[in-house]
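# Summary of structural features
Listed below are the residues making up each chain.
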Amino acid sequence: SAVVSACEKGDQWWLALQLFREMSKGHVARDTIIYGAAVIACEKGDQWLLALQLIRDMIHDHVYPDTITYNAAISACEKVGVWRGALQILREMSDRFVVMDAVTYNAALSACGKGGEWWRALHLLHQMEDSRLDRDAVTYGAAVGACAKGGEWSRALQLVREMVDACIEGNTFTFGALICACEGFGQGLWA
């Protein structure tokens with residue numbers, strides 16, 4: 001697993017996956033850590049479809065994904081805006097009673113935003129609150145970005161107000177997304 005992980009960290013995701021495949025030929029048992037490293041390699045290489053397939057292979061091999069492995073698969077979907085894949089993984093995590101953390105939701109929020117699904121992003125934001133998970137600048141940035149992309153400048157502004165009221169310090173991305181949302185829809189003076 002150390003070699004697969006080293007390749008993944010060195011941006012040689014394709015080599016990590018090749019080593020992963022060779023392990024099965026050599027009858028080396030693949031556990032959650034080894035599968036997880038392969039899924040993370042897929043994330044690094046923007047190979048979202050392969051990441052989802054590895055999750056299926058894990059379950060087929062009776063190796064059960066953990067939060068880190070699922071988060072990497074969601075992040076792989078997020079990088080290319082495949083919101084359906086991200087939400088599919090969220091449902092699977094819930095069905096399998098796998099703990100979802102802020103990283104899980106932040107990546108899924110961002111995937112929804114990139115896919116133009118702002119209302120789904122807001123739904124995830126409310127799910128975080130219902131689950132009593134802390135929301136941070138990354139969370140709000142993804143939600144504001146989703147609203148900005150969807151042309152929902154008033155919702156984006158409302159989210160920034162909510163963030164400020166919660167004493168969460170915004171970041172450049174959050175405020176930049178808000179400004180873009182307002183300027184794009186004739187509300188530049190509000191920003």
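Values in this document were obtained by computation on a predicted structure and should not be read as measured data. (Residues numbered from 1 in each chain as written. Predicted model: local features only at pLDDT ≥ 70, side-chain atom pairs only at ≥ 80, totals over all residues. Heavy atoms only, no water.)

### Comments concerning the overall build of the chain
The following threshold applies: Segments assigned H or I by DSSP are reported as helices when at least four residues long, segments assigned E as strands when at least two residues long, and all are numbered from the N terminus. The buried label applies to any residue whose accessible area, calculated with a 1.4 Å probe on protein chains only, is under 20% of its type's maximum; exposed applies above 50%, and partly exposed to all values in between. Note on contacts: a residue pair qualifies if any of its non-hydrogen atoms lie within 4.5 Å across the two residues. To be clear on the numbers: accessible area is Shrake-Rupley with a 1.4 Å probe, and residue cover counts the displayed protein chains and nothing else.
Scanning the chain from N- to C-terminus turns up 11 helices and 0 strands. If you list the helices and strands of the chain from N to C, you get α-α-α-α-α-α-α-α-α-α-α. Expressed as a percentage of the 191 residues in the chain, the buried residues total 47%. When contacts within the chain are restricted to residue pairs at least 6 apart in sequence, long-range pairs at least 24 apart make up 60% of them. Per element, the accessible surface of the chain, about 9900 Å² overall, is 55% carbon and sulfur.

### Some words on helix 7 (residues 102-114)
Spelled out, the test is: A helix is expected to span 1.5 Å for every residue after the first. Between N or O atoms, a polar contact is any pair within 3.5 Å; within protein, one atom must be a potential hydrogen donor and the other a potential acceptor, and residues adjacent in sequence are included only when both atoms are from side chains.
End to end, helix 7 covers 18 Å across 13 residues, agreeing with the expected 18 Å (1.5 Å per residue, within 8%). Most of helix 7 sits inside the fold, with 10 of its 13 residues counted as buried. For helix 7, the full list of buried residues reads T104, Y105, N106, A107, A108, L109, S110, A111, C112 and G113. In this fold, the buried residues of helix 7 make contact with helix 5 (67-79), helix 6 (83-95), helix 8 (118-130) and helix 9 (137-149). The distance from a side-chain oxygen at the start of helix 7 to the backbone nitrogen of V103 is 3.2 Å, and the residue carrying that oxygen is D101. Directly beyond the C-terminal end of helix 7, a positive phi value near 75° is found at G116.

### Re the confidence of the model for the chain
As a reminder, the rule being used: One number per residue, pLDDT, summarises how confident the predictor is, and it ranges from 0 to 100.
Taken as a whole, the chain shows an average pLDDT of 84; of its residues, 83% reach a score of 70 or greater. When the criterion is pLDDT under 50, residues 1-8 qualifies, and its contacts beyond four places in sequence or with other chains add up to 21 contacts.

### Concerning the side chain of E78
As for its position among the elements, E78 is in helix 5. The buried category is assigned to E78, whose relative accessible area is 14%. In this structure the side chain of E78 is engaged in a polar contact, spanning 2.8 Å, whose partner is the side chain of K114. In this structure E78 touches A107, S110, A111 and K114, once residues within four positions along its chain are discounted.

### Section: the nonpolar core
The condition that has to hold: We define a nonpolar core as any set of buried Ala, Val, Leu, Ile, Met, Phe, Trp, Tyr and Cys residues linked to one another through side-chain atoms lying within 4.5 Å.
Ranked by size, the top nonpolar core spans 54 residues in total, and within it L54, I74, I89, L109, L124 and L159 carry the most contacts. Among the elements that line this core, the one with the most residues is helix 9, at 7 residues. When residues no more than four places from it in sequence are discounted, the contact partners of I74 are A86, I89, L90, M93, T104, A107 and A108.

### Points about the pattern of salt bridges
This is how it is decided: We count a salt bridge whenever a side-chain nitrogen from Lys or Arg sits within 4 Å of a carboxyl oxygen from Asp or Glu.
Under the defined criterion, the tally for this structure stands at 8 salt bridges. For the salt bridge of E129 with R135, the shortest nitrogen-to-oxygen distance reads 3.9 Å. Note on E129: relative accessible area 42%, which makes it partly exposed. The partner of E152 in a salt bridge is R155, with the nearest N and O atoms 3.3 Å apart. Owing to a relative accessible area of 36%, R155 belongs among the partly exposed residues under this scheme. Members of the salt-bridge network, linked through shared partners, are R56, E92 and R96.

### Quick word on the packing of helix 8 against helix 9
Condition: Think of each axis as a best-fit line through the C-alpha atoms, taken over the contacting stretch in the case of a helix, with angles from 0 to 180 degrees between the N-to-C directions. Orientation categories follow fixed angle ranges, with anything under 35 degrees roughly parallel, anything over 145 roughly antiparallel, 65 to 115 roughly perpendicular, and all other angles oblique. Take the far helix as the reference: if the near one is turned anticlockwise from it by less than a right angle, the crossing is left-handed, and if turned clockwise, right-handed. Note on residue categories: nonpolar means Ala, Val, Leu, Ile, Met, Phe, Trp, Tyr, Cys or Pro, charged means Asp, Glu, Lys or Arg, and polar means any other residue, Gly included.
Here helix 8 crosses helix 9 at 155°, and the two axes come no closer than 8 Å. Classified by the angle their axes make, helix 8 and helix 9 are roughly antiparallel. In this structure, helix 8 meets helix 9 at a crossing whose hand is left-handed. Between helix 8 and helix 9, the contacting residues are W118, A121, L122, L125 and M128 on the first element and T139, A143, A146 and C147 on the second. Here the residues of the contact of helix 8 with helix 9 are counted per class, giving 8 nonpolar, 1 polar and no charged.

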